[in-house]
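# Structural features, examined
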Amino acid sequence: MKKENSTYRVAFLGINGALALVLGFLEHMLIPDIPFLPVGAKPGLSNIVTMYVTDSMGVGGGLCITLIKAAFALITRGATASAMSLCGGLLSTVAVAILLKHRDRLFSFVGIGIVGALMHNFGQLLVACFISGTPALISYGKYLMIFALITGTVTGGMLTLLMPRVERINSQFAIRNRGETG
Amino acid sequence: MSTDKKLTKTLKKGDLFIIVTVIAITLVWFLAPFSGREDNLKLVIYLDGEAVETAQLSTLTEGKSFYVGGCEIYADSEGVKFVSSVCSDSLCVKRGTMTRAGDTMACVPERVVVSLKGGSSTHIETY
């Protein structure tokens, strides 16, 4: 994936950006407000896409997906949601990018997913504290931490299962394209 | 069940470290006595980070409604809750009633924060 041209990169980011938005929208629709879960907490299925793109294109790609998600949140849910999405996404992507450097040796996608979810929640909580001017809100973090542990494991586990299949599709396309151009 | 085996096999040392650390921090956070005494709770409502309403929860035996920002907040001696908010998602209303010291909830779009504090304030007033 390193030597792909800019057209490929734009298309790759476009497809994955759209996928992230659709996943975010789907979880918003499908998952009702379950009483014992922290309010406002979501599984963060679109973080699967962010992790995948960061893994295959580096931190720049992941940040692009974050910007796309924040722009979409700005249009559909307003400035507050956008700021929370952006701050959570930025922290999460940077943390994921750092841990991905040690993937296979120290961490698997599960651990990286947990840290990504944690940083995402932490970033959003920081924005909530900042906008409301109340640092005491950080006490809500203990609920979000448990939730991040679960959702991070789910998203990381999903990516572990999906990755071999996606790579197989990618390599098939690469072979076919080589056949056409060669 | 081959995928299950593969999943557990993929867990690395770093993952276990992360999981254990997160569980440990969460446990400490839940058990830590940050919250102070549970009796004599004080209600503080903030707008834009400034305390605009305060009340001793034990004195609100008949219940009282506060209107701050676009939010209606109801408090009685049992606890406090958001009744309504003009914001679109109304997550604050869904959170329900808070009853414990240290509990905080917010309507972020309206910049309204409701916090319950432990009863240390009387201590300060008596010097």
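A brief look at the structure comes next.

## Description of the pairing of strand S7 (residues 104-107) of chain B
Consecutive side chains of a regular strand alternate in pointing toward one face of the sheet and then the other. All names here are of chain B. What you see with S7 is no split at all: Thr 104 and Ala 106 on one side and Met 105 and Cys 107 on the other are buried throughout. Taken together, the 4 bridges between S7 and strand S8 (residues 112-117) define a ladder with antiparallel strand orientation. Bridging across to S8, Ala 106 finds its partner in Val 113. In this structure, the hairpin formed by S7 and S8 is closed by a connection of 4 residues, where Arg 111 is found at a positive phi of approximately 55 degrees.

## Brief notes about the interface of chain A and chain B
Counting residues at the interface gives 35 residues for chain A and 31 residues for chain B. For the pair chain A and chain B, the summed buried surface comes to about 2800 Å²; carbon and sulfur atoms form 76% of the total. The interface formed by chain A and chain B contains 0 salt bridges. Run the count over chain A and chain B and you get 3 residue pairs in polar contact (both at pLDDT 80 or more). For the side of chain A that touches chain B, the secondary structure elements donating two or more residues are helix H4 (79-100), helix H5 (109-132) and helix H6 (141-181) of chain A. In terms of residue class, the side of chain A that touches chain B is built from 20 nonpolar, 11 polar and 4 charged.

## Quick look at the sheet that holds strand S5 (residues 80-85) of chain B
All names here are of chain B. Reading across the sheet, the 4 strands line up as S3-S4-S5-S6 and stay open at both edges, with antiparallel pairing between neighbours. For this open sheet the edge positions go to strand S3 (64-68) and strand S6 (97-98), each flanked by a neighbour on one side alone. Bridging between strand S4 (residues 71-75) and S5 involves 5 bridges; their strand directions are antiparallel. Within the sheet, the bridge partner assigned to Glu 72 lies in S5 and is Ser 84.

## Let's talk about the sheet that holds S8 of chain B
Residue and element names in this part refer to chain B. The strand order across the open sheet formed by 4 strands is S2-S1-S8-S7, and the pairing between neighbours is antiparallel. The two strands at the open ends of the sheet, each matched to only one other strand, are strand S2 (50-56) and S7. Between one strand axis and the next, the sheet turns through 15 degrees on average, direction left out of account.

## Digging into the packing of aromatic side chains
Two numbers describe a pair of aromatic rings. These are the distance of the centres and the angle of the planes. In the structure shown here, the tally under the stated rule is 4 aromatic pairs over all chains. Where Phe 12 of chain A meets Tyr 52 of chain A, the ring centres are 5.8 Å apart and the plane angle is 50 degrees; that geometry is what we call tilted. Of the two residues, Phe 12 of chain A sits in helix H1 (residues 6-30) while Tyr 52 of chain A sits in helix H2 (residues 46-57), which places them 40 residues apart along the sequence. You can call Phe 12 of chain A buried: its relative accessible area is 8%. Residue class for Tyr 52 of chain A comes out buried when judged on its relative accessible area of 10%. Here the aromatic rings of Tyr 143 of chain A and Phe 30 of chain B are separated by 5.4 Å at their centres, their planes lie at 85 degrees, and the arrangement is edge-to-face.

## Structural notes on a nonpolar patch on the surface
A surface patch of nonpolar side chains, amounting to about 490 Å² of accessible area, comprises Val 22, Phe 25, Leu 26, Met 29 and Leu 30 of chain A. Considering the arrangement of structural elements, one finds Met 29 of chain A in helix H1.

About the thresholds
Residues numbered from 1 in each chain as written. Chains lettered and ligands numbered in written order. Predicted model: local features only at pLDDT ≥ 70, side-chain atom pairs only at ≥ 80, totals over all residues. Heavy atoms only, no water. Buried < 20%, exposed > 50% of the residue type's maximum accessible area, 1.4 Å probe, protein only. Helix = DSSP H or I, 4+ residues; strand = E, 2+ residues; numbered from the N terminus. Pairing = 2+ DSSP bridges. Contact = heavy atoms within 4.5 Å. Buried area = accessible area lost by both parts, 1.4 Å probe. Salt bridge = Lys/Arg side-chain N within 4 Å of Asp/Glu carboxyl O. Polar contact = N/O pair within 3.5 Å; in protein donor to acceptor, adjacent residues only side chain to side chain. Nonpolar A, V, L, I, M, F, W, Y, C, P; charged D, E, K, R; others polar. Axes fitted to C-alpha atoms, helices over the stretch in contact; angles between N-to-C directions. Phe/Tyr/Trp six-rings, centres within 6.5 Å; stacked < 30°, edge-to-face > 60°. Patch = residues over 30% accessible without salt bridge, like charges linked within 9 Å, V, L, I, M, F, W, Y side chains within 5 Å. Areas by Shrake-Rupley, 256 points an atom, 1.4 Å probe, with all protein chains shown as cover.

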